[in-house]
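# Overview (structure and organization)
This is what each chain is made of:
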Amino acid sequence: MHINVRKGCEIPMSGNSCHIIVFANEKGGTGKSTTAVHTGVALATMGHKVAMLDLDPRQRTVTRYMENRIETARRRQIDLPTPDFAVFTGSDDAELDTQYRALSESSDFLIIDTPGRDDAFAKYMAARANTLVTPMNDSFVDFDLIGQVDAESFKVKRLSFYSELIFDARKARAKSDGVTIDWVVLRNRLQHLEARNMRRVGEALSELSKRVGFRVIPGLSERVIFRELFPSGLTLLDKGQLGGLGFSHLAARQELREMVAGLALPAVAQQAEEEKETEPSAA
C-alpha cells in the first residue's frame, strides 16, 4: 500500500519553516501520547512556538493533558509554557489539510499525535512529516509491528506491513519535494533487568534499521511519575511545581532531555544538552 503525497500538500507550507513531528504507531500502549506531550512541553519551555494536533477525537489524550495543564496554571495562578493545541474532528483529507496548515503558520514546531490503530489520517500526516517518531516498548511483541524475526536466531526475516508503508511514504515524499523524512524509532519503557531481551531487541532493531533507514534512540523508562502527572498536566520540566524530586525523578528528567536531544530537531539538540548540564546529578 502506498501513501500518496498529493500535489499542493507538500511542505514547507506557505513559505514558513514549521517543522512537523508526527508520533505514529498502529499499536496502542507504547507511550506515544506521553512522549508527544513531553516533547511539546520541552520545546515550549525552550522558548519555541509549538502547536499540537490531536488526531484521536475519541480518546483525546493529548487534548486532555493540555486542558489539565491550563487548569492547573489557572488554579495555581502560575505561568506554564504550553503549546497551542487542537483536536481534529473532521471527516476528510481536505479538512485535515486546512487545519494542520493553519496551525503551522505561526509555529516553529507542529506535533501530531495519532491514534494507536490503523488510521487513514495518521498515514496522511506521516507522509507530511519532517520527523516521524514511532515509539515502541522494548519487546518483540512491539517489534513485530515493524519487522518479523526468526524464532530461534532472532534474526530479522522480513519487513512488516508498517515498515513497508513508511518506506513507501519516504520514497514518495523524496520524489515529491526532495524532503527526506527522518524516521526515528523510540525505545520506550526499557526494563533494565531483562538484559538478554534488551540485547536481542537492540540487535534486531540495528539490523532492520540498516535495511529500512530509521534511527533508533532511547525513550522514557517505565516510571510511575509520568502517569501521576497527567491529572495536573504538569511535566518533569516544570521546576518549582513538583515539590522535592528524588533521584529517580531527576533521572527521568535527564531521560526526557536526552530523548528530545536525540530527535535532532533544528536548533534544539545543542540547547537541550546545555540545559541538561545544569541539572543536579542523578547518580
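Above this text you will find the structure in question.
What counts as what
Residues numbered from 1 in each chain as written. Predicted model: local features only at pLDDT ≥ 70, side-chain atom pairs only at ≥ 80, totals over all residues. Heavy atoms only, no water. 1 Å grid on protein atoms, 1.4 Å probe; cavity = no way out; pocket = protein on both sides within 12 Å on 5 of 7 lines; lining within 4 Å. Points joined across faces, edges and corners; volume = space filled by probe spheres on them. Helix = DSSP H or I, 4+ residues; strand = E, 2+ residues; numbered from the N terminus. Nonpolar A, V, L, I, M, F, W, Y, C, P; charged D, E, K, R; others polar. Pairing = 2+ DSSP bridges. Axes fitted to C-alpha atoms, helices over the stretch in contact; angles between N-to-C directions. Contact = heavy atoms within 4.5 Å.

### Looking at the layout of surface pockets
A volume near 470 Å³ is recorded for the largest pocket. Lining the largest pocket are 27 residues; nearest its centre among them are Gly31, Lys32, Ser33, Thr34 and Arg189. Elements with a contribution of two residues or more to the lining of the largest pocket: α1 (32-45), α2 (61-76) and α8 (224-228). Take the lining of the largest pocket: its biggest share by element is 4 residues, from α1. Grouping the constituent residues of the lining of the largest pocket by class yields 5 nonpolar, 13 polar and 9 charged.

### Digging into the sheet that holds strand β2 (residues 50-54)
Strand order in the open sheet formed by 7 strands is β3-β2-β4-β1-β5-β8-β9, with parallel pairing between adjacent strands. One side of each edge strand has no neighbouring strand; the edge strands of this open sheet are β3 (84-87) and β9 (215-218). On average, each strand axis in the sheet is inclined to that of its neighbour by 20 degrees, with strand direction left out of account. Helix-sheet contacts for helix α6 (residues 161-177) involve β5 (131-137) and β8 (182-188), and the interaxial angle to β8 is about 150 degrees.

### Observations concerning unusual backbone geometry
Phi is positive for arginine 60, close to 55 degrees, though the residue is something other than glycine. Mapping arginine 60 onto the fold places it in the loop between β2 and α2. A positive phi is found at alanine 264, a non-glycine position, where the angle reads about 55 degrees. Relative to the elements of secondary structure, alanine 264 occurs in the loop between α9 (247-262) and α10 (269-276).

Purely geometric numbers; function is a separate question.
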